[in-house]
Amino acid sequence: MRDLPRHNARLAAENLTVTRGGVPILQGVSFTLNPGEVLILRGPNGSGKTTLLRTLAGLQPPLAGEVQAEPETITYGAHADGLKATLSVEENLRFWASVHGQSDITNAVEGFNLAGLVERPSANLSAGQKRRLGLARLLVTGRPIWLLDEPTVSLDVPSVQLFADAVRAHVAQGGAALIATHIDLGLEAASFDIGPYKADPATASDPAHSDGFDEAFL
Amino acid sequence: MIALLIRDLRLAMRAGGGFGLGLAFFLIVSTLVPFGVGPEGDILSRIAPGILWVGALLACLLSLDRIFQLDFEDGSLDLLATSPIPLEGIVAIKALAHWLVTGLPLTLAAPFFGALMQLESPGFSWIFVTLLLGTPALSMIGAFGAALTVGLKRGGLLMSLLVLPLYIPTLIFGAEAATRGMAGFSATTPLLMMAGITAGSIALLPFAASAALRVNLR
């Protein structure tokens, strides 16, 4: 079995203002995600779900507010799966496992029904199979907090079920997941609608950044 | 970190990985120059160190944009940036992988290609030694240029313009050391200068490159 999460899987956002292309897009976002919880992130296209997830994952700094999570507890599942086309399914998974200091990939292979595909170069996988492999990566990171950006794109109904089972097993072990999605995953989860946090660019700028230097040049 | 190095080397060896691209370009340059310059052996042997150095430099430049661009496009770079490996380490490992795939084969092949240009026998070891000392700097400076331009589509032109001026000191001292050594003069000063550039870029540029990557990942 997979290692139980070694860290505390608590993630909190406090009065967060996030920017896309230098323009504030969400402001005053606050929520707490506790271990064992799943939070579904809702919002129409372009409302800033991806930007919020990238900010939480630490890929971009927030304009204001702060993200509270223990270091090295978060793994981010983006639109792109981060697969190398010329590596086989097994090589892809083993790479991500060893980057995260893990060695066991059987759980991930079985959890996402990839057993028959391990030898196949990922260039020859279908879109849904690639997605399954990308999601299986989450299991080999051993990290307790999953931030997922529309994880079910191009998955068929049984695969969505596999994914929901994987999330359930993950939270049962004390993990947590924040999932941006438009479909019903059948999970017992709270919803978090980001619609009300839409930023007003006139009021959202932080005085510390108001000289415009950073955003103009970086 | 070892896993990342192994993955990058494996990717380079697989189909479309770009291993041999630099080497083939280097061979083309060393084959065509004698045709262009004409059959006078003394002219050829006099310009051989400089031509070999320029050829190696351009061959190096040819594969630079692959260092981060492919990982950026398939999403791996986002995932690597959130992985336990520090971004500085990722840059250093990727530069090392680039050197092992490009710089090292060029260094090993240069004495043989030198024979095509009537390089005289003391020149073989000098061209080998100077390239061995200088090509790590080419890979490291190149990784910095690649990190600066990673988000840009078709960023290759801009990257070449950014990187070429930074390559010039290495080229001057490398070709100078090879020419002086071949002629029987003392080459210690240019060798030391070039070793200094290499050591300095290996020490400093991973930090600069990872800062550039952080900005480009936003």
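The model shown is predicted, which means the values in this text are computed figures rather than measured ones.

## Structural notes on the overall build of chain A
Move 1: When you go through chain A residue by residue, the secondary structure sums to seven helices and eight strands.
Move 2: When each of the 218 residues of chain A is scored for burial, the buried share is 51%.
Move 3: Long-range pairs, those at least 24 residues apart, make up 71% of the contacts in chain A between residues at least 6 apart in sequence.
Move 4: When the accessible surface of chain A is split by element, carbon and sulfur atoms take 52% of a total near 9,400 Å².

## Here we look at the sheet that holds strand β7 (residues 176-180) of chain A
All names here are of chain A.
Move 1: As summarised here, the arrangement of the five strands in space is β5-β6-β7-β3-β8, forming an open sheet in which the pairing is parallel. Edge strands, defined here as strands with exactly one partner in the open sheet, are β5 (74-77) and β8 (190-193). Each neighbouring strand pair of the sheet contributes to a mean axis angle of 20°, computed without reference to strand direction.
Move 2: Looking at chain direction, β5 and strand β6 (residues 145-149) are connected through four bridges and run parallel. Note on β6: the bridge partner recorded for glycine 77 is leucine 148.
Move 3: Sheet strands in contact with helix α4 (residues 127-141) are β5 and β6, and its direction is about 180° off that of β5.

## Examining the interface of chain A and chain B
Move 1: Across the contact, 25 residues belong to chain A and 24 residues belong to chain B.
Move 2: Summed over both partners, the interface of chain A with chain B comes to about 2,200 Å²; 62% of that surface belongs to carbon and sulfur atoms.
Move 3: For the chain A face of the interface with chain B, the top three residues by lost area are Leu59, Lys84 and Phe95 of chain A, together amounting to 26%.
Move 4: Our count for the chain A to chain B interface comes out at five salt bridges.
Move 5: Where aspartate 78 of chain B meets arginine 54 of chain A, a salt bridge forms, and the shortest distance between an N and an O atom there is 2.8 Å.
Move 6: Summed over the shared surface of chain A and chain B, the number is nine residue pairs in polar contact (both at pLDDT 80 or more).

## Quick look at the UniProt feature "transmembrane region" (unreviewed entry) in chain B
Residues and elements named next belong to chain B.
Move 1: As recorded in UniProt, the sites labelled "transmembrane region" (unreviewed entry) are residues 12-37, 43-64, 96-117, 123-150, 157-179 and 191-213.
Move 2: When the span residues 123-150 is considered, its composition is 93% helix and 0% strand, and the gap between its end C-alpha atoms is 38 Å.
Move 3: End-to-end, the C-alpha atoms of residues 157-179 are 31 Å apart, and along that stretch the chain is 100% helix and 0% strand.

## Some thoughts on the sheet that holds strand β2 (residues 23-33) of chain A
As a general point, the strands of a sheet are linked pairwise by backbone hydrogen bonds and lie either parallel or antiparallel.
Residues and elements named next belong to chain A.
Move 1: The strand order across the open sheet built from three strands is β2-β1-β4, with neighbouring strands paired in antiparallel fashion. Single-partner strands in this sheet number two, and they are β2 and β4 (64-68). The mean inter-strand angle of the sheet, taken between neighbouring strand axes irrespective of direction, is 30°.
Move 2: Where strand β1 (residues 11-20) meets β4, four bridges bridge the pair, whose relative direction is antiparallel. Following the sheet pairing, threonine 17 is matched in β4 by alanine 64.
Move 3: This element, helix α1 (residues 49-56), spans β1, β2 and β4 of the sheet and lies at about 120° to β1.

Rules of the game
Residues numbered from 1 in each chain as written. Chains lettered and ligands numbered in written order. Predicted model: local features only at pLDDT ≥ 70, side-chain atom pairs only at ≥ 80, totals over all residues. Heavy atoms only, no water. Helix = DSSP H or I, 4+ residues; strand = E, 2+ residues; numbered from the N terminus. Buried < 20%, exposed > 50% of the residue type's maximum accessible area, 1.4 Å probe, protein only. Contact = heavy atoms within 4.5 Å. Areas by Shrake-Rupley, 256 points an atom, 1.4 Å probe, with all protein chains shown as cover. Pairing = 2+ DSSP bridges. Axes fitted to C-alpha atoms, helices over the stretch in contact; angles between N-to-C directions. Buried area = accessible area lost by both parts, 1.4 Å probe. Salt bridge = Lys/Arg side-chain N within 4 Å of Asp/Glu carboxyl O. Polar contact = N/O pair within 3.5 Å; in protein donor to acceptor, adjacent residues only side chain to side chain. UniProt positions renumbered as here; feature names shortened; annotations may be inferred.

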